[in-house]
Amino acid sequence: MKQMRSFFSLFLGILIFSACSVRKQRTADEGAHVIMPKSETFAMPIVASWKISADLTALYQGSSMSLSADVSLVVGQGIYASLRPFVLYELARVYLLPNEVVVIDKHNGAYVRVTYEQLNASLRHKLPIRLSYAMLEGLLLGYVPQDLQMEKGSSTQQYVATLPQSAIQLNYMMGNNLRPTQLESAPAHEGYVLRASYGQYTTPEEGAFPRSSSYQLFSGGKKEFSIEVQGRSYARSERVRQQLEVVIPSRYKAISLENLFQ
């Protein structure tokens, strides 16, 4: 079970310090742009169903883990990822859905299934802001969530979002394609700062996703946690919608958040 605690801790590392406000769920027939307050327009991925392959490298407390990810994604509706350290061995499955998060530990035959409300309740002493699916999708796919109130920064490419009911701000650097190139939270929350960066984006035919992205968590100026993502292939596929249906083998053991964090 130690392996699942470590894996889930890696997964939660991004969540804890990068949450933002809940936005409306987008459907597949909506446009490919989000109209922001103050008439600012920022681009987002092509709203469709996608099959993506990527490589992940995670660093946490001095340990590293390299994984291949086969991702099924319906923009605005959910993300499913099958994670493998090598070709013939599936370590875990992760579902990020509008109403819940599910992590299945294939190695230990266990799983965690929680709503965002449960996550927020368990982490209420660590979080200044609430988690949501909208935050996760925007962070992972490299776009500005709809409900953030954006203000111009000190340069033409800088925008600042103050999160609702929080003193935390997200400082965005935007590229010529109206997508983020960098993101940083400020001020530090309990000494922690999140930084994200995005490399070149794919063509619209490949979904307009970041080809590479990096997420780093700093404490007192020292890197505590990081995930590097490098995309390999992108293709439209209506079949991926079936992957968003959560399937948990009946023999698998349910693990509570309380037990996981012990």
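Residues numbered from 1 in each chain as written. Predicted model: local features only at pLDDT ≥ 70, side-chain atom pairs only at ≥ 80, totals over all residues. Heavy atoms only, no water.

When you go through the protein chain residue by residue, the secondary structure sums to 4 helices and 16 strands. Across the 262 residues of the protein chain, 49% fall into the buried class. The long-range fraction of contacts in the protein chain, counting pairs at least 24 apart against all pairs at least 6 apart in sequence, stands at 53%. Summing over all exposed atoms, the protein chain offers an accessible surface of approximately 12700 Å²; the carbon and sulfur share of this is 50%. (Helix = DSSP H or I, 4+ residues; strand = E, 2+ residues; numbered from the N terminus. Buried < 20%, exposed > 50% of the residue type's maximum accessible area, 1.4 Å probe, protein only. Contact = heavy atoms within 4.5 Å. Areas by Shrake-Rupley, 256 points an atom, 1.4 Å probe, with all protein chains shown as cover.)

With that settled, the discussion passes to the nonpolar core. Membership of the largest hydrophobic core comes to 57 residues, with the highest contact counts inside it found for L73, V75, L148, M150, Y172 and F209. With 5 residues, helix α3 (residues 133–141) is the single largest residue contributor to this core. Setting aside residues up to four positions removed in sequence, F209 forms contacts with P45, W50, I52, L73, V75, L141, R179, Q200, Y201, T202 and Y234. Judged by nonpolar contacts, the second largest core, of 10 residues, contains V74, Y80, Y95 and Y111. (Core = buried A, V, L, I, M, F, W, Y, C linked by side-chain atoms within 4.5 Å.)

A word on the environment of S154. Structurally, S154 is set in the loop between β9 (150–152) and β10 (158–162). The class for S154 is exposed, based on a relative accessible area of 74%. Of the polar contacts made by the side chain of S154, one reaches the side chain of Q158; its length is 2.8 Å. (Polar contact = N/O pair within 3.5 Å; in protein donor to acceptor, adjacent residues only side chain to side chain.)

Attention now moves to the packing of aromatic side chains. In this structure the tally under the stated criterion is 7 aromatic pairs. Seen from their ring centres, Y60 and F225 are 6.3 Å apart, and the 80° between their planes marks the pair as edge-to-face. Here Y60, found in strand β3 (residues 49–60), pairs with F225, found in strand β15 (residues 222–236); they are 165 residues apart in sequence, far enough to count as distant. Classification of F225 as buried rests on a relative accessible area of 3%. Ring geometry for Y198 against Y215: centres 6.2 Å apart, planes inclined by 85°, an arrangement best described as edge-to-face. (Phe/Tyr/Trp six-rings, centres within 6.5 Å; stacked < 30°, edge-to-face > 60°.)

What follows concerns the confidence of the model for the protein chain. On average, residues of the protein chain carry a pLDDT of 81, and 79% of them reach 70 or more. Within the protein chain, no element has a lower average pLDDT than strand β1 (residues 33–35), which sits at 34, and none a higher one than strand β5 (residues 78–84), at 95. Overall, residues 14–39 carries pLDDT values under 50, and its contacts beyond four positions in sequence, including any with other chains, amount to 92 contacts. (pLDDT = per-residue confidence, 0-100.)

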